[in-house]
Amino acid sequence: MNKIIEEVNERLKEILSSYRPGLVKEAMIYSVMAGGKRLRPLLFIQTLRAYSIDYHEYLDIACAIEMIHTYSLIHDDLPGMDNDDLRRGKPTCHKQFDEATAILAGDALLNESMNVIIRMNLDDALKVEVLRTLYNASGLGGMIYGQQQDMYFETHTVTLDELQAIHHDKTGALISVPMKIAGLIAKKEDADKLENIGFKLGLAFQIQDDILDVTSTTETLGKKVGSDIENHKSTYVSLIGLETSQKRVEELFEECLADVYDLQLNHGLMIELFQIIMKRVN
Ligand code: GRG
């Protein structure tokens, strides 16, 4: 997996270096290259590999997804949202630069992610399907809607079902969409099943996030811990407790494994990927 991460990083550097010079470009490079785990590119590439597809032709889709993810983190950290000082172990974009530059860097990453895909040499029908699927997941069809609901429930009581729906959109959409797009490329009839597995993985990932917020350290996590309690935020841990949350994560991973065995692909590659996510410490 390290080789794949290096390839993604090299291509991201190439893409970012092509932009017109200035503070916005510097801020984009700063945040994208700040040391993220590249989980979403890995989910995309490893799923393609599991279907024996050469991923190099599609590397730019992995980069575009990571650019959207980084934009969401830059904006999520802004004073008007979570107002965080630390991200990926470094000062947040608006702390390192300034608020206006951080807003523009996020906007530019979202816009340019689309250009990255538009410029690819792909079959036109596939390109349109990829664009439609990706920007539905990152927009009001998924992540932005989830962020809106997350903000609403900062001042309203939330049930477990409502919290699960927030996670589905806010975190799950951008974790499931790499798997869905890999399915559209490799085997169209599997795309919805892969998306479903991705949503379960996304929920497990977000519950882990809630758990790490109370069990980890700022040093390990690369961002402030204890922020959910400080912000009086309802989380899986606050609603069902730490132990039950941990159990739920394990159950979801088991379900993902079982679902993967229903598909005809290289199961070992998918399991390797799920284990990396399951064992994550940051
Ligand atoms: C501002 C439009 C907008 C959306 C923000 C995803 C999101 C929506 C906010 C992030 C809030 C957050 C920390 C959610 C927890 C799950 C999550 C997305 C964690 C960060 O993803 P990782 O762990 O990060 O993959 P790295 O840094 O490794 O890429």
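Treat the numbers as computed from the prediction; the structure is a model and nothing was measured. (Residues numbered from 1 in each chain as written. Predicted model: local features only at pLDDT ≥ 70, side-chain atom pairs only at ≥ 80, totals over all residues. Heavy atoms only, no water.)

### Description of the nonpolar core
We count it as follows: By convention a nonpolar core is built from buried Ala, Val, Leu, Ile, Met, Phe, Trp, Tyr and Cys residues, the set being connected through side-chain atoms within 4.5 Å. The cut-offs for exposure are 20% and 50% of the maximum accessible area for each residue type, with area from a 1.4 Å probe on protein chains only; residues under the lower value are buried, those over the upper are exposed, and the others partly exposed. The contact criterion used is simple: two residues touch if any of their non-hydrogen atoms lie within 4.5 Å.
By size, the foremost hydrophobic cluster in this structure holds 83 residues, and its most contacted members are F44, I61 and L201. Filtering out sequence-adjacent residues up to four positions away, I61 remains in contact with F44, M120, L122, V130, I181 and I185.

### A look at the site of the ligand
So the rule is basically this: Put simply, a residue is near a molecule or strand once any heavy atom of it comes within 4 Å of that molecule or strand. The definition of a polar contact used here is a pair of N or O atoms within 3.5 Å, where within protein one atom must be able to donate a hydrogen and the other to accept one, and adjacent residues in sequence count solely through side-chain atom pairs. A 1.4 Å probe and the Shrake-Rupley method give the accessible areas. Residues count as covered only by the protein chains that appear here. By the criteria applied, helices consist of DSSP H or I runs no shorter than four residues and strands consist of E runs no shorter than two, each listed in order from the N terminus. Residues are grouped as follows: nonpolar covers Ala, Val, Leu, Ile, Met, Phe, Trp, Tyr, Cys and Pro; charged covers Asp, Glu, Lys and Arg; every other residue, Gly included, is treated as polar.
Surrounding the ligand, one finds 21 residues, the nearest of these being K37, R40, H69, R88 and D209. Note that an oxygen atom of the ligand is positioned 2.8 Å from one of the side-chain N or O atoms of R40. In this structure, H69 approaches the ligand through a side-chain N or O atom, which is 2.7 Å from an oxygen atom. Relative to its free-state accessible area of 700 Å², the ligand is covered by the protein chains to the extent of 93%. A per-element tally of the shell around the ligand places helix α4 (residues 59-77) first, with six residues. Considering only residue class, the shell around the ligand consists of six nonpolar, seven polar and eight charged.

### Comments concerning helix α15 (residues 267-278)
Helical geometry note: an α-helix holds 3.6 residues per turn, so side chains three or four residues apart project in the same direction. Cut-off, in case you're wondering: The length a helix should cover is 1.5 Å for every residue beyond the first.
If you check α15, its first and last C-alpha atoms are 16 Å apart, about what twelve residues at 1.5 Å a residue would give, namely 16 Å. Taken together, the buried positions of α15 are L269, M270, I271, L273, F274 and I277. Lining the buried residues of α15 we find α3 (39-50), α9 (160-186), α10 (191-215) and α14 (242-261). Of the residues flanking the start of α15, the one acting as N-cap is N266, its side-chain oxygen 3.1 Å from the backbone nitrogen of G268.

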